[in-house]
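# Descriptive structure summary
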Amino acid sequence: MTINLEAEASSREENNAALIAALDEVPLSEVESSWNLDVLNDAEHGRWVAALGDEAIGELSYRFVGGRVVLLTTWVDPAYRKHRVATELVSRVLDEIRESGKKITIICPVVGEFIRRNPAYADLIDKVHPGAGAYPKREPEDGGQNEELAAVEHDLT
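So, how was this worked out
- Residues numbered from 1 in each chain as written.
- Predicted model: local features only at pLDDT ≥ 70, side-chain atom pairs only at ≥ 80, totals over all residues.
- Heavy atoms only, no water.
- Helix = DSSP H or I, 4+ residues; strand = E, 2+ residues; numbered from the N terminus.
- Buried < 20%, exposed > 50% of the residue type's maximum accessible area, 1.4 Å probe, protein only.
- Contact = heavy atoms within 4.5 Å.
- Pairing = 2+ DSSP bridges.
- Axes fitted to C-alpha atoms, helices over the stretch in contact; angles between N-to-C directions.
- pLDDT = per-residue confidence, 0-100.
- Expected span 1.5 Å × (residues − 1).

Further remarks concern the overall build of the protein. Tallying secondary structure elements over the protein gives 4 helices and 5 strands in all. Mapped from its N terminus to its C terminus, the protein presents α and β elements in the order α-β-β-β-β-α-β-α-α. Here the protein holds 157 residues, and 38% of them are scored as buried. Sequence-distant contacts in the protein: of pairs separated by 6 or more residues, those separated by 24 or more amount to 55%.

Laid out in structure tokens, this is it:
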């Protein structure tokens, strides 16, 4: 079996852009998906799963490294985007990590963007090992926007 790395990377970037575009900028006290989601820690497979009944509709994968939680990637089934699933999944995972007393390293740009929009979680970021996704790039000073992200946002609206 041959893996097309370019196609895989492109797919991952499109997924991240779509999830970032769908993140809601509402107070976390109002964060709740359109459905009653269960968020379960599947430690055996290294992921938190957002489930709607028996159906897994999203996940946030992770690994433990040096006593901290490395947040790798977030995925939400396209049929369930724009229903606050990613927002609720990430916030509930971060709440669980906070309760454990652990710090996080962020590889996933969706988590980094979520924390940028919800700075109350910024104290969870490991200062020595923040990760490549911890501090997302901001829009240029002139108000310009990444063309790919703008296209995805347009497609989601």
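Sheet strands pair via backbone hydrogen bonds, and the direction of the pair is either parallel or antiparallel. Taking strand neighbours across the sheet as the criterion, the 5 strands line up as S1-S2-S3-S4-S5 in an open arrangement whose pairing is mixed. Only two strands of the sheet have a single partner each, and these edge strands are strand S1 (38-42) and strand S5 (104-106). Between one strand and the next, the sheet's axes are offset by a mean angle of 30°, whatever the strand orientation. Relative to strand S3 (residues 55-65), strand S2 (residues 47-52) runs antiparallel, the two being bridged by 6 bridges. The residue bridging tryptophan 48 from the neighbouring strand is leucine 60, located in S3. The sheet strands contacting helix H2 (residues 85-100) are S1, S2, S3, strand S4 (68-76) and S5, and the helix crosses S4 at an angle near 165°. Against the sheet, helix H3 (residues 109-117) touches S3, S4 and S5, its axis set at about 115° to S5.

The next point concerns the confidence of the model for the protein. Mean pLDDT over the protein: 80, with 68% of residues reaching 70 or higher. When pLDDT is averaged over each element of the protein, S5 comes out on top at 97 and helix H4 (residues 147-156) at the bottom at 39. This model gives residues 28-33 a pLDDT under 50, and the stretch forms 16 contacts once residues within four places in sequence are excluded. Low pLDDT (under 50) marks residues 144-157, which in the prediction has 14 contacts with non-local residues, meaning those over four places away or in another chain.

All right, on to the pairing of S1 then. In terms of strand pairing, S1 meets S2 through 5 bridges, oriented antiparallel. Residue pairing across strands places asparagine 41 opposite tryptophan 48, the latter belonging to S2. Counted between consecutive antiparallel strands, the loop separating S1 from S2 contains 4 residues, among which glycine 46 sits at a positive phi close to 65°.

A few words on the pairing of S3. The turn joining S2 and S3, which pair antiparallel and follow one another in sequence, is formed by 2 residues; a positive phi near 65° is taken by glycine 53. For S3 and S4, the ladder comprises 8 bridges, and the chain directions are antiparallel. Residue pairing for S4: arginine 63 is matched across the bridge by valine 70. Counting the residues in the hairpin turn of S3 and S4 gives 2 residues, including glycine 66, whose phi is positive at 55°.

The next subject is H2. Here H2 spans 23 Å end to end across 16 residues, near enough to the 22 Å set by a 1.5 Å rise per residue. Listing the buried residues of H2 in full gives Val85, Ala86, Thr87, Glu88, Leu89, Val90, Ser91, Val93, Leu94 and Ile97. One or two steps after H2, the chain reaches glycine 101, where phi turns positive at roughly 80°.

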